[in-house]
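Listed below are the residues making up each chain.
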Amino acid sequence: MDHHLILRVVTRLLVAPILLFGLYVQFHGDFGPGGGFQAGVIFAVALILYGIVFGLSRLRSIFPDRWVMRLLAFGLLLYAGVGVVSLIQGGNYLDYNVLLPSAKAGQHYGIIVIELGVGITVFGVMMAIYYGFAGRPPSIEDTDW
Amino acid sequence: MIEAITTFTAQHGPLLAIAVPLIASPLAILMVNRVAAFIVTWLSAVTSFGLAAQMVTITADGTVLSYAIGGWAPPIGIEYRVDAANALVVLIVSMMATVLLPYMRTSIEQEVAERQHTLFYACFLLCFTGLMGVAVTGDAFNVFVFLEISSLSTYALVAMGAAKDKRALSAAYDYLVLGTLGATFFVIGLGMIYMVTGTLNLADLGRRLAEVDAENRTVRTAYGFIVVGLGLKIAMYPMHRWLPGAYTFAPTTISAFLASTATKVAIYVLARFVFSVFQIDYPFERDTLQFVVLPLALLAMFTASFVAVFQQNVKRLLAYSSLGQIGYMLLGLTLLTATGLTATFTHLFAHALTKGALFLAVGAIIYRTGGPMMHNLAGQARLMPWTSAAIVVGGLSLIGIPGTVGFVSKWVLIQAAFEADLWPIAAAIVASSLIAVVYVWRLVEVLYLQPAREGAAKREAPLTMLIPIWVLVVAIVWTGFDADGLVSVARTAGESLLDGGFVADGARIIGVPGR
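Residues numbered from 1 in each chain as written. Chains lettered and ligands numbered in written order. Predicted model: local features only at pLDDT ≥ 70, side-chain atom pairs only at ≥ 80, totals over all residues.

Side note on the overall build of chain A
Here is step 1: Tallying secondary structure elements over chain A gives 5 helices and 0 strands in all.
Here is step 2: The helix and strand sequence of chain A, counted from the amino end, reads α-α-α-α-α.
Here is step 3: Relative to the 2.2 N^0.38 estimate, which gives 15 Å for 145 residues, the radius of gyration of chain A is 19 Å and therefore markedly larger than a compact globule would have.
Here is step 4: With the C-alpha coordinates of chain A rotated into their principal frame, the extents come out at 65 × 30 × 20 Å.
Here is step 5: Within the span of chain A, comprising 145 residues, buried residues form 33% of the whole.
Here is step 6: Contacts in chain A between residues far apart in sequence, at least 24 positions, make up 62% of those at least 6 positions apart. (Helix = DSSP H or I, 4+ residues; strand = E, 2+ residues; numbered from the N terminus. Rg over C-alpha atoms; globule rule 2.2 N^0.38 Å. Buried ≥ 20, exposed ≤ 12 C-beta atoms within 10 Å, placed from the backbone. Contact = placed C-beta atoms within 7 Å.)

Some remarks on the nonpolar core
Here is step 1: The biggest cluster of nonpolar side chains holds 233 residues, and the ones touching the most others in it are B:Leu88, B:Val90 and B:Val158.
Here is step 2: When neighbours within four sequence positions are excluded, B:Leu88 is seen to be in contact with B:Val56, B:Phe345, B:Val489, B:Ala490 and B:Ala493. (Core = buried A, V, L, I, M, F, W, Y, C linked by C-beta atoms within 7 Å.)

So, the environment of B:His347
Residue and element names in this part refer to chain B.
Here is step 1: Here His-347 is to be found in helix H13 (residues 338-369).
Here is step 2: Remark: the alpha-carbon pair of His-347 and Gln-311, spanning 36 residues in sequence, is separated by 24 Å.
Here is step 3: Discounting chain neighbours no more than four positions away, the residues touching His-347 are Tyr-328, Met-329, Gly-332, Ser-409 and Leu-413.

Things to note about the packing of H13(B) against helix H17 (residues 405-419) of chain B
All names here are of chain B.
Here is step 1: Where H13 contacts H17, the axes come no closer than 8 Å and their chain directions differ by 160 degrees. Relative to H17, the element H13 is oriented roughly antiparallel. Judged by the sense of rotation from one axis to the other, the crossing of H13 with H17 is left-handed. Contacts between H13 and H17 involve Thr-339, Gly-340, Thr-342, Ala-343, Thr-346, His-347, Ala-350, Leu-353 and Thr-354 on the former and, on the latter, Val-405, Gly-406, Val-408, Ser-409, Val-412, Leu-413, Gln-415, Ala-416 and Glu-419. (Axes fitted to C-alpha atoms, helices over the stretch in contact; angles between N-to-C directions. Parallel < 35°, antiparallel > 145°, perpendicular 65-115°, else oblique. Left-handed = near helix turned anticlockwise from the far one by under 90°.)

Some thoughts on the interface of chain B and chain A
Here is step 1: In this complex, chain B contributes 15 residues to the contact, which on the side of chain A involves 14 residues.
Here is step 2: Broken down by secondary-structure element, the contributors of at least two residues to the side of chain B that touches chain A are helix H1 (2-30) and strand S1 (65-68) of chain B.
Here is step 3: Of the residues forming the side of chain B that touches chain A, the biggest block, 8 residues, is contributed by H1(B).

Some points on the environment of B:Ile5
Here is step 1: Take B:Ile5: it is sitting in helix H1.
Here is step 2: Expressed as a C-alpha distance, the spacing of B:Ile5 and B:Ser151, which sit 146 residues apart in the sequence, is 33 Å.

Some details on the confidence of the model for chain B
Here is step 1: Here chain B averages 92 in pLDDT, and 100% of its residues register 70 or above.
Here is step 2: Interface scoring of the predicted complex returns ipTM 0.90; its pTM is 0.95. (pLDDT = per-residue confidence, 0-100.)

Examining unusual backbone geometry
Residue and element names in this part refer to chain B.
Here is step 1: With an omega of 5 degrees, the peptide bond between Pro-74 and Pro-75 qualifies as cis.
Here is step 2: Looking at where Pro-75 falls in the secondary structure, it is placed in the loop between S1 and strand S2 (79-82).
Here is step 3: Phi at Ala-235 takes a positive value of approximately 70 degrees, unusual for a residue other than glycine.
Here is step 4: If you trace the backbone, Ala-235 turns up in the loop between helix H8 (217-234) and helix H9 (242-249).
Here is step 5: Assessed through the 27 C-beta atoms surrounding it within 10 Å, Ala-235 is described here as buried.
Here is step 6: Non-glycine residue Asp-421 carries a positive phi angle of around 60 degrees.
Here is step 7: Tracing the sequence through the fold places Asp-421 in the loop between H17 and helix H18 (423-449).

Describing the sheet that holds S2(B)
Residues and elements named next belong to chain B.
Here is step 1: Within the open sheet, the 3 strands sit side by side as S2-S1-S3. Their pairing is mixed. In the strand order of this sheet, the two ends are held by S2 and strand S3 (508-510), each with one partner. Strand-to-strand twist in this sheet, taken as the mean axis angle between neighbours without regard to direction, amounts to 25 degrees. (Pairing = 2+ DSSP bridges.)

Examining the pairing of S1(B)
All names here are of chain B.
Here is step 1: Burial along S1 is two-sided: Leu-65 and Tyr-67 and Ser-66 and Ala-68, pointing in opposite directions, are all buried.
Here is step 2: Bridging between S1 and S2 involves 4 bridges; their strand directions are antiparallel. The residue bridging Ala-68 from the neighbouring strand is Glu-79, located in S2.
Here is step 3: Sheet analysis places S1 next to S3, joined by 3 bridges and oriented parallel. Looking at the pairing, Ser-66 lines up with Ile-509 of S3.

Side note on the confidence of the model for chain A
For any part of a model where pLDDT is low, the fine detail of the predicted coordinates should not be relied upon.
Here is step 1: Here chain A shows a mean pLDDT of 89. Residues at 70 or above account for 93%.
Here is step 2: Looking at the elements of chain A, mean pLDDT is at its lowest for helix H3 (residues 56-62) of chain A, recorded as 91, and at its highest for helix H2 (residues 36-54) of chain A, recorded as 94.

Details of the environment of B:Arg286
Here is step 1: Looking at the secondary structure, you find B:Arg286 in helix H11 (residues 283-309).
Here is step 2: On the neighbour-count criterion, B:Arg286 (15 C-beta atoms within 10 Å) is partly exposed.

Digging into H9(B)
Here is step 1: Taking burial as the measure, the 8 residues of H9(B) include 8 buried ones, the bulk of the element.
Here is step 2: By the burial criterion, the buried members of H9(B) are B:Trp242, B:Leu243, B:Pro244, B:Gly245, B:Ala246, B:Tyr247, B:Thr248 and B:Phe249.

Comments concerning the packing of H13(B) against helix H20 (residues 484-498) of chain B
Residues and elements named next belong to chain B.
Here is step 1: In contact at an axis separation of 8 Å, H13 and H20 are set at 130 degrees when each is read in the N-to-C sense. Put simply, H13 runs oblique to H20. Considering only the axes of H13 and H20, their crossing is right-handed. Contacts between H13 and H20 pair Ala-338, Leu-341, Thr-342, Phe-345, Thr-346 and Phe-349 from the former with Leu-486, Val-487, Ala-490, Arg-491, Ala-493, Gly-494, Glu-495, Leu-497 and Leu-498 from the latter.
Here is step 2: When its residues are assigned to classes, the contact of H13 with H20 shows 10 nonpolar, 3 polar and 2 charged. (Nonpolar A, V, L, I, M, F, W, Y, C, P; charged D, E, K, R; others polar.)

If you want it as structure tokens, here you go:
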């Protein structure tokens, strides 16, 4: 993509704001529109855009394949882990009230951690899908057309 | 210490039975080597099995357990509600997972690429979690979510068979399209009853639908959508197209696990909706069951068994036989009596053991000979005597010979047919069992009477495969002779569906009461 100057410049400009917007949607999700699902997708979009414009190998050098599965698993573990903590604290599974001394703070931080888990997993899944499709060797070479 | 643990599990059992495999699934991905992943997977299955056994003992006297997720009181919050019926289904699912997993460790060496083993375990655990969740939850939308968790991971697991046979991909795709269609129908039906009642809690739905006029068209349409949607998941006779391909081309342990659990869980959900949520006194519901589902079940018993007779691929033969067996389970349900439901639940258990043992034994032969065709089985009785003997016992149980668990369930089913004064149905049950004799005899003939390939050495299956197979075989014979426990649990399950104990107030609240 050496000749697509405009695409390259715009992408360089856009990646950082998209990442920032992803974080905003993530952490603003508990009292505004947004949340883990959307944030995970937006965050992944920034990296996928980078990959499309600058090539898969450069994306792999900043975000290696082995991280995909780890993040995917970690997000789910974070979600399920909140439930385990509330069990240990003597509540029912995923009861946020018992997480912190005050029930209000527990509800507040409980949902933030849950959404973070969702966000991380969705981000991991999006990257896994992108790597899964983009990483396949093309069955027809460009020169064969 | 032990007492503290049992009180804790009695308080949180329904939840832990699902949370443990759910947490084990990402752990299996994070495990660096596949032995560690296997250990995590198996330990979680054993834990769930223990919890399920505890739930069965607690609910055996008709107690209904209610657990409020997140401390939100039902019907607003999500509730896990367990009576004898779900406890039995949970027991079947976790028991099969526990027995299958050691076998799976050996069999996937040949069937799945080594670097995918940890992901395979993770996927299996998600499927297991989903099936357990469907059985335990008392929330209609939660049923849909868990059904999708199990189905989506099942599609992936079936597709894993592609390493051996590329046709697994198209089988998985068929299953994906039809399974998604089924799930969509189901959720549309849920939307409609939500529109009428304003609730999604199964028990609350039951209470509120009792007050709705029987002529309400939305309720009728919802019933149609739900029965068709679940029918696709059950592989009810004309909607079974996905099943033979999926069972034939999936890795053998997955075929065994699906055949013994997935359709059973869907049948349980159908029973729950038919008896607990919708009112069985409504004419449209009775008519649908007796004039649509019952003839289709009879048709499945004959045609699917008949098709099984002509199969050359043994896994496909077993898949068609499963379709016929699903007919028996639906038949018990449509009789609308306590004995009929007892027969259904007994047969759920019996068929899980029988088909599990048969698929595993055939898998052991595939492991040694490389293929599932009839000619691979030829003369194996001399080369693999223990595996072949297991196929014979499983086959006898499939026919319903006395002394096997298959006899017990068919006996109860015939009793139910006589109780309902439907002796032609009893005759049909016996007649269709005769077709099973034909295809089981084909297996026995090929195994025992045909000569083995020239120069084949005697090579029994490895012990890690043989032990799970024989655990199931012993269970088949044991429950065949000592069936009182099984039948009484199944009867409690059937009665609790019929008498509305699940719907009524007065469930024992476990865990912390919801707010």
